[in-house]
Amino acid sequence: MKVKTILSMMLCACTALYTVGCSSDEGMDGKEDGNGRSTTGQVVTFTNKAETATTRTGISYTKGNAADVLWSAGDKIWVEDNTNNFVQSLAGVFSADMKVGKFSVTGTFPATTQVHYTGGASGTTVTIANNQTQAAANDFAHAGAVGDCAVGTASGSATAGYQFTLNHKAAYLCLLPRSENSLIRDFVIQDVTVIADNDIAGDFSLSASGLSATPSANGSKSIKVIVPNLPLTNATSPATNAIYVVMAPQTTALNIVYHLYNPALNFSGTITKNIPVQAYAPGTIRDITSKLGNDYTEEQKPYLWDAKKWLFDGKTEPYNMSPFSGLALSNPMWPQSKVTDPDRWYNDELPGVAKNSCKDCPNGYQMVWYATHYPYFDAEELWTAEGQLYKGVLRFRKWNTLVADFGASETSLPTVWPAGTSGTNNGGPNGSNFNIGMGIPAPSDMTKYFALPAALSSVAHQNDFYHAGKYATLVDNSNSYWGSSARPDGQFWAGHPSASYLGYRPGQNYLWVSTGNYIQRNRLYAMFAIKFQ
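None of the values given here were measured: they were computed from a predicted structure.

(A) The arrangement of the pattern of salt bridges in detail. Taken as a whole, this structure holds 17 salt bridges when the rule is applied. The salt bridge partner of lysine 355 is glutamate 349, with a shortest N-O separation of 2.5 Å. Notably, a salt bridge pairs lysine 359 with aspartate 360, separated by 3.3 Å at the nearest N-O pair. We classify lysine 359 as partly exposed; its relative accessible area is 46%. Look at aspartate 360 and you get partly exposed, because its relative accessible area is 40%. Through salt bridges with shared partners, a single network forms among Arg397, Asp405, Asp445 and Lys448.

See below:
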């Protein structure tokens, strides 16, 4: 079936059931037995009901518009005959407005029988494609080719003809992306991948009750929709970039992955939006709006450990990007001492507990909990900072899920390693080579995670974590995050006290955490001071 929008050209609804129904008063001659069954194998006419031809736009939604469901040239139906087999009609003959369809079917049929629309070569199998193509913005003409389906009941006789109404049995999405980030609006949408916890594409059985719960073959948990380089605007605009998806009805969470491309910069990446678990019911179309493009300008400012102000506070660009050597202050833009620059200097209390920029950072033990419980690195996630584009984020489980799922403490900061790990050094936890997954978590798990910017690529530096971030040459190991706790024994390293941190080199499959003398860093190093969730 072809779906055409009307009024404001939107076809987005939260929960509306839509049906197809048209009419005709024409029939063909024939004989019937006493039970109302046609007794000759002849051509019989099936027509959708007239009284619903103008009201079958049964999609209503908050923006106050409706949508027409129209027949397409070449559409056919399947009708169950007296032997319980489904017989395919000839291509329909349609009214000028494509609302009324008449279908000729050869066979013998009971007075009341089932009608299926499958869009394919079987009357009882529907293939929902895992690769779909949309020709233009806000255009759902591809629905019939990628899995739209419907069932209904036809009543009549061979003499008078049959009339029927169809109820659609697939589920439908209307994706409405936007961005308030001007750098992200310079991208176009090339395709979108919808990922579910269960199979949403494949070959499904169709019956009077609808589609089977699972596919009989070719099951897929993802559907990719290719679109013709649709633009992004700073407000929801269906006419600009509404994207439609046909999927199998499911109760599932969804990861919606937008693949974006900037032709002027030849730079591409993805932005993933997660939709928590909800039901996508048969015959419903759900609009999903998404704001794309996080900006991490504040999170990308480096600090000395627990300093009150960031490294270049009060300085004017261009900044001197010469890194701290670990032994000497060779960069004149760095704070030179607590006396001359107390706000940018590190917290030098011993053994030391953060109370300024690092007070909301995790302590060393918490960092080990984060690092050992299924972190991910997503190399393609786009973000911005200080007017520049980057790719790459770390995804860690939120602390409340570590409490609920793994027994972390909810009321106090941990003072022990998580179960299954061990190792201390001078009273503090240390560890390395914590494995990290590549990609994104499963849809139902995604809400348990938060993201940290961890630049792997920029426009000028592709897959080069040593140089991708603006401050990569300054920040130890390119992407390192201060903890809130210091080394417990207060020991100095290279003339300065040390503190806990978590380090990651994007694209590599391990993290490390230190608060003791394992890969220790003194507080005069520059790292990011970010609150973990």
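(B) Up close: the confidence of the model for the chain. Taken over all residues, the pLDDT of the chain has a mean of 83, while the share at 70 or more is 80%. Predicted confidence for residues 1-40 stays below pLDDT 50, and this span has 175 contacts to residues more than four positions away or in other chains. The low-confidence segment residues 50-66 (pLDDT under 50) makes 48 contacts with residues lying over four places distant or belonging to another chain.

(C) Representation of the packing of aromatic side chains within the structure. Summed over the entire model, instances satisfying the criterion amount to 32 aromatic pairs. With a centroid separation of 5.9 Å and 90° between ring planes, the pair formed by tryptophan 310 and phenylalanine 312 is classed as edge-to-face. Members of the aromatic cluster, connected to one another through ring pairs, are Trp369, Tyr370, Phe396, Trp399, Phe450, Tyr481, Phe528 and Phe532. For the cation-ring pair, arginine 286 lies above tyrosine 280, with the distance from its terminal atom to the ring centre recorded as 5.3 Å. Taking the ring centre of phenylalanine 267 as reference, the NZ or CZ of lysine 391 above it sits at 5.3 Å.

(D) Representation of unusual backbone geometry in the model. Proline 318 follows glutamate 317 through a cis peptide bond whose omega is 5°. Tracing the backbone shows proline 318 in the loop between β25 (302-303) and α3 (364-372). Cis geometry is found at the peptide bond from leucine 350 to proline 351, where omega equals -5°. Note that proline 351 resides in the loop between β25 and α3. In this structure, asparagine 218 is a non-glycine residue whose phi angle is positive, near 60°.

(E) Structural view of the nonpolar core. Grouped together as the largest cluster of nonpolar side chains are 55 residues, with contacts concentrated most on Leu394, Phe396 and Tyr481. Within the residue set of this core, elements represented by two or more residues are α3, β27 (388-397), α4 (399-406), β31 (449-458), β32 (479-486), β34 (496-504), β35 (510-514) and β37 (527-528). Looking at which element gives the most residues to this core, the answer is α3, with five residues. Residues contacting tyrosine 481, with those up to four places away along its chain left out, are Met367, Leu394, Leu452, Pro453, Ala454, Tyr501, Leu502, Met527, Phe528, Ile530 and Phe532. Ranked by size, the runner-up nonpolar core spans 51 residues in total, among them Val126, Val151, Leu230 and Ile288.

(F) Expanded view of the pairing of strand β12 (residues 150-157). Examined bridge by bridge, strand β9 (residues 112-117) and β12 share six bridges and lie antiparallel to one another. If you follow histidine 116 over to β12, its bridge partner there is valine 151. Where β12 meets strand β13 (residues 161-168), eight bridges bridge the pair, whose relative direction is antiparallel. Residue pairing in the sheet places valine 151 in a bridge with asparagine 167 of β13.

(G) Quick look at the sheet that holds strand β23 (residues 285-291). Reading across the sheet, the three strands line up as β20-β14-β23 and stay open at both edges, with mixed pairing between neighbours. What marks the edges here is a single partner per strand, and that holds for β20 (243-247) and β23. Put simply, the sheet's adjacent strands are angled 25° from each other on average, direction ignored. With five bridges joining them, strand β14 (residues 171-178) and β20 adopt antiparallel strand pairing. Pairing of leucine 175 across the sheet is with isoleucine 243, part of β20.

(H) Spotlight on the packing of α3 against α4. Where α3 meets α4, the closest approach of the two axes is 11 Å, and the angle between their N-to-C directions is 70°. When the axis of α3 is compared with that of α4, the two are roughly perpendicular. Contacts between α3 and α4 involve Gln366, Trp369 and Tyr370 from the former and Trp399, Leu402 and Phe406 from the latter. When grouped by side-chain class, the residues that make up the contact of α3 with α4 number five nonpolar, one polar and no charged.

(I) Layout of the pairing of β34. Most of β34 is tucked away: nine of the nine residues are buried. Of the strand pairs in this sheet, β32 and β34 are connected by five bridges, and their pairing is antiparallel. The partner of tyrosine 481 across the bridge, within β34, is leucine 502. Taken together, the two bridges between β34 and strand β36 (residues 521-522) define a ladder with antiparallel strand orientation. Opposite alanine 499, over in β36, you have arginine 521 as the bridge partner.

(J) Just α3, in detail. For α3, the buried fraction is high: eight of the nine residues fall into the buried class. At the N-terminal boundary of α3, the capping side chain belongs to asparagine 363, with an oxygen 3.1 Å from the backbone nitrogen of tyrosine 365. Two residues or fewer after α3 comes tyrosine 374, characterised by a positive phi angle close to 60°.

So, how was this worked out
Residues numbered from 1 in each chain as written. Predicted model: local features only at pLDDT ≥ 70, side-chain atom pairs only at ≥ 80, totals over all residues. Heavy atoms only, no water. Salt bridge = Lys/Arg side-chain N within 4 Å of Asp/Glu carboxyl O. Buried < 20%, exposed > 50% of the residue type's maximum accessible area, 1.4 Å probe, protein only. pLDDT = per-residue confidence, 0-100. Contact = heavy atoms within 4.5 Å. Phe/Tyr/Trp six-rings, centres within 6.5 Å; stacked < 30°, edge-to-face > 60°. Lys NZ or Arg CZ within 6 Å of the ring centre and 35° of its normal. Helix = DSSP H or I, 4+ residues; strand = E, 2+ residues; numbered from the N terminus. Core = buried A, V, L, I, M, F, W, Y, C linked by side-chain atoms within 4.5 Å. Pairing = 2+ DSSP bridges. Axes fitted to C-alpha atoms, helices over the stretch in contact; angles between N-to-C directions. Parallel < 35°, antiparallel > 145°, perpendicular 65-115°, else oblique. Nonpolar A, V, L, I, M, F, W, Y, C, P; charged D, E, K, R; others polar. Polar contact = N/O pair within 3.5 Å; in protein donor to acceptor, adjacent residues only side chain to side chain.

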